[in-house]
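Descriptive analysis of the structure
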Amino acid sequence: MSVMTPPNVRTGDYIEEVLTTVKAKNPAEPEFHQAVQEVLESLRLVLQRHPEYRSAKILERIIEPERVLMFRVPWFDDRNEIQVNRGFRIEMNSAIGPYKGGLRFHPSVNLGILKFLAFEQVFKNSLTTLPMGGGKGGSDFDPKGKSDNEVMRFCQSFMIELARHIGPDTDVPAGDIGVGGREIGFLFGQYKRIRNEFTGVLTGKGLTWGGSLIRPEATGYGCVYFAAEMLKTRKDKLEGKLCLVSGSGNVSQYTIEKLLQLGAKPITCSDSDGVIFDPDGINQEKLAWVMELKNVRRGRIREYADKFKKAVFMPTDIKLDHNPIWNIKADCAFPSATQNEIKKKDAENLLKNGCKLVAEGANMPSTLEATKTFLDANILYGPAKAANAGGVATSGLEMSQNSQRLSWTREEVDDRLHKIMIAIHNTCYETAEKYGTPGNLVNGANIGGFLKVANAMLDQGLV
Ligand code: NDP
């Protein structure tokens, strides 16, 4: 028999070793390191109880994508000049289902960002209770300022390569930053043309060609349902709460809509140019105006302050040591723009102003230090992979409808989404308690998501 060292010391060393290897093997991918670190820290508790995961090298395998695709995307702009972008698809883990995860079109996209998103997606998809593996993809293409024809030509070129790697039982992409209904339409049209088949190969499709009711609303609605569940554990509710929402895209818009339906008062939104603060609250009518601004006119959020006189616009100032949106007095915060938008100082500002709940609509919007600040303060903190899982869950429901060739009603999909968000919250809450960290939904989400995938990997042997 081998000499035993105390299990916690050994597990600690082991996790450090895995983390060191991840950093050494994947240099210049800080967001990927951050996402892996957060999950591995939570898994300490699991590895002490389940040495079998270590001997099967589940951690070493789960951090390595099953496949990474990187490809050239050439296209003609409106001046007939050639443009060249880079396309990606990370097929991270298919232990519990086909790869599933969005496509992001944004100039900041690179391999490390997509790997962090794909890694998070594995655990998120597992939490939804639906059979979906994890993937993510996209391009450094910037749809902002491009004509519809340019976006179409780009999407068609992107799909010429992607089509050979995806399929309804293999890999099913969806939208993310910069990829909404318009882009999914162009991508789907090109896939159908190349493959000569009409299948559920993408989600977020239009309603007349295989899309699901409630899919556009799902991430925002789901995040608010999750927040309501968190509040219930403290016998509280959203009604009357002042809420900060960042971003003004898909997730933000429907977060604001559901907050209004539940009687809360959203008072902010933003884009990369700055923040608007409306002390009177963003009501349904103002939200409809924002939706038209962003989804139809594709304008900038600063126009809100010209239109609604009491609102203030605070332009983005990179010299500031904090983001002004998180320094406004409110009860709840719904970061819904992008990764690392809440730094330690922002977290401290939120707490100082009395914020009692953070529900993450965006992926990894809080830095590791900000997350720790929230956990230490014991506020209600809903991490992204749990709180924003409603989007992919409803994509899963879209896939089910496509397979059955049926369309469910709005009420049916919304009801299923709501039940899934309640189930995800319960899993996180109960898992956190079971592993000795009650109330810590970061641990709950990471462990809850991990166990199902890890057990499937054990069952399926060394693949
Ligand atoms: P959209 O493209 O619809 O909206 C993104 C919003 O965030 C825009 O207002 C955009 O402003 C702002 N934003 C993006 N990048 C930055 C940045 N670097 N700095 C400041 N603001 C920025 O995307 P979504 O609403 O779909 O996605 C938002 C977040 O939610 C992302 O983190 C995404 O991964 C996550 N998410 C989305 C899901 C979905 O179903 N759509 C599902 C789960 C998570 P601007 O226009 O100026 O760039």
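Values in this document were obtained by computation on a predicted structure and should not be read as measured data. (Residues numbered from 1 in each chain as written. Predicted model: local features only at pLDDT ≥ 70, side-chain atom pairs only at ≥ 80, totals over all residues. Heavy atoms only, no water.)

Let's shift gears to the overall build of the chain. When helices and strands are counted, the chain shows 17 helices and 13 strands. Computed over its C-alpha atoms, the radius of gyration of the chain comes to 21 Å, within 12% of the 23 Å expected for a compact globule of 463 residues. The principal-axis extent of the C-alpha atoms belonging to the chain is close to 75 × 55 × 45 Å. Per-residue burial over the chain gives 56% buried out of 463 residues. Summing over all exposed atoms, the chain offers an accessible surface of approximately 19300 Å²; the carbon and sulfur share of this is 53%. (Helix = DSSP H or I, 4+ residues; strand = E, 2+ residues; numbered from the N terminus. Rg over C-alpha atoms; globule rule 2.2 N^0.38 Å. Buried < 20%, exposed > 50% of the residue type's maximum accessible area, 1.4 Å probe, protein only. Areas by Shrake-Rupley, 256 points an atom, 1.4 Å probe, with all protein chains shown as cover.)

Attention shifts here to the packing of helix α6 (residues 148–162) against helix α7 (residues 181–195). At a minimum axis separation of 8 Å, α6 and α7 run at an interaxial angle of 45°. In terms of their interaxial angle, α6 and α7 are classed as oblique. Where α6 crosses over α7, the handedness of that crossing is right-handed. Residues Asp148, Val151, Met152, Cys155, Gln156, Phe158, Met159 and Ile160 of α6 pack against Arg182, Glu183, Phe186, Leu187, Gln190, Tyr191 and Ile194 of α7. Across the contact of α6 with α7, the residue classes break down as 10 nonpolar, 2 polar and 3 charged. (Axes fitted to C-alpha atoms, helices over the stretch in contact; angles between N-to-C directions. Parallel < 35°, antiparallel > 145°, perpendicular 65-115°, else oblique. Left-handed = near helix turned anticlockwise from the far one by under 90°. Contact = heavy atoms within 4.5 Å. Nonpolar A, V, L, I, M, F, W, Y, C, P; charged D, E, K, R; others polar.)

Our next topic: the domain arrangement of the chain. Entries for the chain in the domain assignment read domain 1 (9–62), domain 2 (67–198) and domain 3 (218–387). Here domain 1 and domain 3 have C-alpha centroids that lie 32 Å from each other. If you look at the interface, domain 1 gives 6 residues, while domain 3 gives 6 residues. Both sides together, the interface formed by domain 1 and domain 3 hides about 560 Å², and carbon and sulfur atoms give 59% of it. For the interface between domain 1 and domain 3, the tally reads 1 salt bridge. Residue Lys385 pairs with Glu38 through a salt bridge whose shortest N-O separation is 3.1 Å. Residues that form the side of domain 1 that touches domain 3 fall into these classes: 2 nonpolar, 2 polar and 2 charged. (Domains from an automatic or database assignment. Buried area = accessible area lost by both parts, 1.4 Å probe. Salt bridge = Lys/Arg side-chain N within 4 Å of Asp/Glu carboxyl O.)

Bringing the environment of Arg44 into the picture now. Counting through the fold element by element, Arg44 comes out in helix α2 (residues 30–49). Distance in space between the C-alpha atoms of Arg44 and Gly137 is 29 Å, their sequence separation being 93 residues. If near-sequence neighbours (up to four positions away) are discounted, Arg44 is found in contact with Thr11, Gly12, Ile15 and Glu16.

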